[in-house]
Amino acid sequence: MDYKSFQDISLSRLGMGNMRLPVQGDKAGAPIDRVRAQEIIDYAMENGINYFDSAYVYHGGESEKFLGEAMKKYPRDTYYLATKFLLSTNPDYKAVFEEQLERLQTDRIDFYLLHAIFDGNCRSYLDSGCIKYFLEQKKAGRIRYLGFSSHAGVEALTKMADHHQWDFAQIQLNYFDWLYGDTAKEYKVLEERNIPIMVMEPVRGGRLAVLSGEAEKMLKAAHPDWSMASWALRWVKRLPQVQVILSGMSDMEQIRDNVRTFQEPEGLTDEDAQLLMRACEAFKKQVSVPCTACRYCCDGCPMKIDIPAYLDVYNSYRTDGPWALNRMGSIESAGKPSDCIGCGACAGHCPQSIQIPEIMSELAELSKKNN
């Protein structure tokens, strides 16, 4: 296992995320399969992973309880626990903190985070009094390092980062968002303030574990033995401000592959990184439709569908996953994809030759499944 110094300790570069533990069955809210989850935890410990991340709300509150039970068999000084306080779930930060200590069966939390900072809740966290309280708990030795996890934009992230000298911060960081999002700017904010970064979603919720045919062919030609997830993890590992890279491993195949990746201290060469960016561009082109929002398609649509808006959602779905479909409900459009009659008037006016009726039909089916 590859390790990196953090203040006065040494952390495994690969961290075990406990948000996607194996569950019993496939229904939403299914209980954790504790036997299979324990096997993953044991394999992690046997292979040198020493950073275990959870949160108050993961698995409906059962993640912390499971982790507390699972780690009882190991000496407390052989691993580090990370968990989070989510203001919107319960603003009573004192009560939540005590409950978390009880759930985790410990007298201290090594890495404690304010959970899920967004543009809309940043000020609420800053004004709530929780930061002062958690800093007091840090002085008392009940919190070792204090940080925050952010899904906010650059402005709100900067505001939070400037509050005081945080021990660390956690952000979503992967090569796709680096190339097509604001991740590079967010990284720079933290780098300039010398705040170590714990990485979430390095494989973008699993979306970068399977790429398009052309993109995978490019990468396999260079390194036949590397999985697509390994490419994503190696790319993140090469960034100097990155401390721990979290992976929510839900089966033994995933953790074995990830451990193999982190048995090698090096990340990617510059040539490998350049190849990965080219593969990312090919991947995006192959899974997305090239809509330029010219709106030529809208003029002749008898059902008055805001086609570009729905195509934008479709592209997000292809790159981000099913959650992006939730955006369809907020689109102001007289017609919906399910109203499409397949007349083809839109496709006949599309400069990009997009087969719009087919996509409207697919979106209608996806929307039906998502409801």
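Residues numbered from 1 in each chain as written. Predicted model: local features only at pLDDT ≥ 70, side-chain atom pairs only at ≥ 80, totals over all residues. Heavy atoms only, no water.

Every α-helix carries 3.6 residues per turn, so stepping three or four residues along brings you back to the same face. Among all positions of helix 5 (residues 130–139), only C130, I131, Y133, F134 and Q137 are buried. Taken down its axis, helix 5 places every buried residue within 160° of arc, on the same side. Facing away from the buried side of helix 5, by more than 90 degrees, are the exposed residues K132 and K139. Elements in contact with the buried residues of helix 5: strand 5 (80–85), helix 3 (93–104), strand 6 (109–117), helix 4 (122–127) and strand 7 (143–150). A positive backbone phi angle near 85° is found at G141, which sits one or two residues after helix 5. (Buried < 20%, exposed > 50% of the residue type's maximum accessible area, 1.4 Å probe, protein only. Helix = DSSP H or I, 4+ residues; strand = E, 2+ residues; numbered from the N terminus. Arc of directions from axis to C-beta. Contact = heavy atoms within 4.5 Å.)

All right, on to unusual backbone geometry then. What you tend to see is this: most non-glycine residues have negative phi, and most peptide bonds are trans. Phi angles above zero are rare outside glycine, and Q105 is one such case at about 55°. We classify Q105 as partly exposed; its relative accessible area is 39%. In this structure, A293 takes a positive phi of about 60° despite not being glycine. In this structure, A293 sits in the loop between helix 12 (270–287) and helix 13 (296–299).

Bringing the sheet that holds strand 6 into the picture now. Strand order in the closed barrel formed by eight strands is 3-4-5-6-7-8-9-10, with parallel pairing between adjacent strands. Recorded for the sheet is a direction-independent mean angle of 30° between the axes of neighbouring strands. The pairing of strand 5 with strand 6 spans four bridges and is classified as parallel. From the neighbouring strand, A82 faces strand 6, where its bridge partner is F111. (Pairing = 2+ DSSP bridges. Axes fitted to C-alpha atoms, helices over the stretch in contact; angles between N-to-C directions.)

Another aspect to go through is the environment of I109. For I109, the location among the structural elements is in strand 6. Under the relative-accessibility criterion, I109 is labelled buried at 0%. Discounting residues that sit within four places of it in the chain, I109 has contacts with L81, T83, F97, Q100, L101, L104, R142, I143 and R144.

Our next topic: the environment of G29. Tracing the sequence through the fold places G29 in the loop between strand 3 (14–17) and helix 1 (34–46). When its relative accessible area of 78% is taken as the criterion, G29 is described as exposed. Linking G29 and G300, residues 271 residues apart in sequence, is a C-alpha distance of 45 Å.

Membership of the largest hydrophobic core comes to 90 residues, with the highest contact counts inside it found for F52, L114, F134, F148, L173 and W235. The element that contributes the greatest number of residues to this core is helix 12, accounting for eight residues. Setting aside anything within four residues of it in sequence, one finds L114 in contact with F85, Y125, C130, I131, F134, G147, F148, S149, M160 and W166. Listed in part, the 22 residues of the second largest apolar core include V313, Y314, I359 and L366. (Core = buried A, V, L, I, M, F, W, Y, C linked by side-chain atoms within 4.5 Å.)

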